[in-house]
Amino acid sequence: MSKLKLVYHPNDVLETECEPVTQFDNKLAKLLNGMYDLMLDADGVGLAAPQVGVLKQIAVVDVGDRNGKIELINPVIIEKRGEQIGPEGCLSFPDLFGEVARADYVKVRAQNRRGKPFFIEAKGFLARAIQHEIDHLHGVLFTEKVLRYYEEGELEG
Ligand code: CO
């Protein structure tokens, strides 16, 4: 059972710039574990720390591909290419889905839970999820980028 609680829109915490992480301690590890559990419970593919009320540059992503669980601490997009337009949702906006344009490829520099820097390259849906979560860390919500909202039932079947 997850002790963290999801923050739903509207809430100022979702539109606030997050602070970089400087302490890679057990508290961070526990937060990451809790965020991942909450994301899975909520059937999400990504979750950012402000969505659990923590204004730090921390996100978890798992789109169910071979990359598995990805933990992004202090992530920065250092390269982006191409464009994809597709459906997007957010755990902080239940039942709201819109069409959003994102880069089709991103290269990101981030740190792991021990503070070790790493790079990740992503395409397609994973690239979309990563861009969505990094936006959260800067107080940017997907609704600012929606080209059009889907009608109820439009994404089913
Ligand atoms: Co979101």
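Before going into details, it helps to say that this report is about the structure given with it.

**Digging into the nonpolar core**
Thinking step 1. Core analysis: the biggest nonpolar cluster contains 16 residues, and Leu-28, Leu-32, Met-35, Leu-47, Val-52, Ile-58 and Val-60 have the highest contact counts within it.
Thinking step 2. For this core, the leading source of residues is helix α1 (residues 26–41), giving seven residues.
Thinking step 3. Excluding its chain neighbours within four sequence positions, the residues that come into contact with Leu-47 are Leu-6, Met-35, Leu-38, Met-39, Val-52, Ile-58, Ala-59, Val-60, Leu-91 and Glu-133.
Thinking step 4. Val-61, Leu-72, Ala-127 and Ile-130 belong to the second largest nonpolar core, which has 15 residues in total.

**Observations concerning the side chain of His-132**
Thinking step 1. Structurally, the position occupied by His-132 is in helix α2 (residues 124–136).
Thinking step 2. At a separation of 3.2 Å, a polar atom in the side chain of His-132 contacts the side chain of His-136.
Thinking step 3. In this structure, His-132 is in contact with Glu-88, Gly-89, Cys-90, Arg-102 and Phe-142, ignoring residues within four places of it in sequence.

**Focus on the coordination of the cobalt ion**
Thinking step 1. Protein coordination at the cobalt ion comes from Cys-90 (SG), His-132 (NE2) and His-136 (NE2), with a distance range of 2.0 to 2.2 Å.
Thinking step 2. Since its relative accessible area comes to 6%, His-132 is described here as buried.

Reading the values: rules and limits
- Residues numbered from 1 in each chain as written.
- Predicted model: local features only at pLDDT ≥ 70, side-chain atom pairs only at ≥ 80, totals over all residues.
- Heavy atoms only, no water.
- Core = buried A, V, L, I, M, F, W, Y, C linked by side-chain atoms within 4.5 Å.
- Buried < 20%, exposed > 50% of the residue type's maximum accessible area, 1.4 Å probe, protein only.
- Helix = DSSP H or I, 4+ residues; strand = E, 2+ residues; numbered from the N terminus.
- Contact = heavy atoms within 4.5 Å.
- Polar contact = N/O pair within 3.5 Å; in protein donor to acceptor, adjacent residues only side chain to side chain.
- Donors = N, O, S within 2.8 Å, 3.2 Å for Na, K, Ca; no water.

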